[in-house]
Amino acid sequence: MRESLKNCKRVVVKVGTSTITYPNGLLNLKRMEELAWVLTDLRNSGKDVVLVTSGAIGVGAVRMGMKERPTVIRQKQAAAAVGQAMIMQIYHNFFDRYNQTVAQVLLTKEEVGIDERYQNTKNTMETLMELGVIPIVNANDSISTYEIEISDNDRLSAIVAEIIGADLLILMTDIDALYDQDPRSNPKAKRVSCVDWVTDDVRKMAGDKGSAFSVGGMLTKLQAAEICQNADVKMAIVLGEDPTIIHRVIDGADVGTFFNSKRT
């Protein structure tokens with residue numbers, strides 16, 4: 001099943017907060033630059049690429065001196081407004097080093113829930129990719145409280161993959177795969193290499209969320225996998241410490257957890 005990934009033409013990569021920040025909430029600039037290099041290389045190879053990024057609220061919170069992710073809605077919105085500007089500026093600078101143009105796309109539930117706006121979003125993304133641009137997507141947390149309530153961005157990235165008809169979604173996170181038990185508390189936990197379909201037994205493997213500045217966890221990744229499988233999009237969960245793992249996934253290496261796109 002993994003061999004088919006070598007032929008994928010359209011890839012969505014999602015990076016979580018823990019992937020692009022240190023445990024203290026500050027941005028991991030080295031990793032962000034490596035990510036820009038890898039995604040630009042994919043684009044140069046002829047693939048369409050979309051990046052879905054988390055981190056706006058966490059980064060904004062740290063910039064404003066908050067010790068942890070805020071819980072009050074208006075504070076989240078303020079943190080998102082500050083953090084989104086910071087993240088996009090840094091992404092732009094790194095991608096520009098490799099002569100790659102990027103564009104910011106902020107989505108709300110209206111863009112994915114209303115037919116006309118869904119189509120407008122699809123048209124915008126398609127046009128950007130036709131022009132060789134890499135769209136950088138995030139939930140519009142500074143405007144809509146709905147996005148803040150659900151914005152784990154795992155499901156958002158799956159919806160984006162569905163909208164653009166992607167072949168593959170890669171979720172980069174702080175754990176290297178889905179395990180049959182939580183590997184952080186059970187050293188005997190075994191990595192699940194492939195999942196044909198997300199069942200109740202698979203859902204039971206999900207654990208808790210990660211760092212103090214992140215949202216979601218393995219459960220939201222399995223929810224993203226369900227969206228992908230129903231949309232005929234393959235998905236992989238991999239450790240985000242080394243962005244070059246994206247190349248290994250596409251080359252068909254047995255890394256992380258691979259979710260097939262069709263019930264067999």
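It should be noted that the structure appears before, not after, this text.
Residues numbered from 1 in each chain as written. Predicted model: local features only at pLDDT ≥ 70, side-chain atom pairs only at ≥ 80, totals over all residues. Heavy atoms only, no water.

Trainee: Quick one: what's the story with the packing of helix α8 (residues 154-164) against helix α10 (residues 218-230), residue by residue and with numbers?
Mentor: Viewed as axis vectors pointing N to C, α8 and α10 meet at an angle of 15°, and their least axial separation amounts to 8 Å. Compared by their axis directions, α8 and α10 come out roughly parallel. Seen along the crossing, α8 lies across α10 with a hand that is right-handed. The segment α8 lies against α10, with D154, R155, A158, I159 and E162 engaging T220, K221, Q223, A224, I227 and C228. (Axes fitted to C-alpha atoms, helices over the stretch in contact; angles between N-to-C directions. Helix = DSSP H or I, 4+ residues; strand = E, 2+ residues; numbered from the N terminus. Parallel < 35°, antiparallel > 145°, perpendicular 65-115°, else oblique. Left-handed = near helix turned anticlockwise from the far one by under 90°. Contact = heavy atoms within 4.5 Å.)

Trainee: Residues and numbers for the nonpolar core, please.
Mentor: V12, V137, V160, L169, M235 and F259 are the most contacted members of the largest nonpolar core, which has 39 residues in total. The set of elements that each furnish at least two residues to this core consists of β2 (48-53), β3 (102-107), α6 (115-130), β4 (134-139), α8, β5 (168-173), α10 and β7 (234-239). Take this core: its biggest share by element is 6 residues, from α8. Leave out the neighbours within four places in its chain, and V137 touches V50, L51, V52, T53, V105, L107, M125, L156 and V160. (Core = buried A, V, L, I, M, F, W, Y, C linked by side-chain atoms within 4.5 Å. Buried < 20%, exposed > 50% of the residue type's maximum accessible area, 1.4 Å probe, protein only.)

Trainee: Give a description of the pairing of β7 that names residues and reports values.
Mentor: The buried count for β7 comes to 5 of 6 residues, which makes it a mostly enclosed element. Note that β5 and β7 share 6 bridges and pair parallel. From the neighbouring strand, T173 faces β7, where its bridge partner is L239. Pairing analysis gives 3 bridges linking β7 to strand β8 (residues 257-259), with the strands arranged antiparallel. Within β8, the position partnered with A236 by the bridge is F258. (Pairing = 2+ DSSP bridges.)

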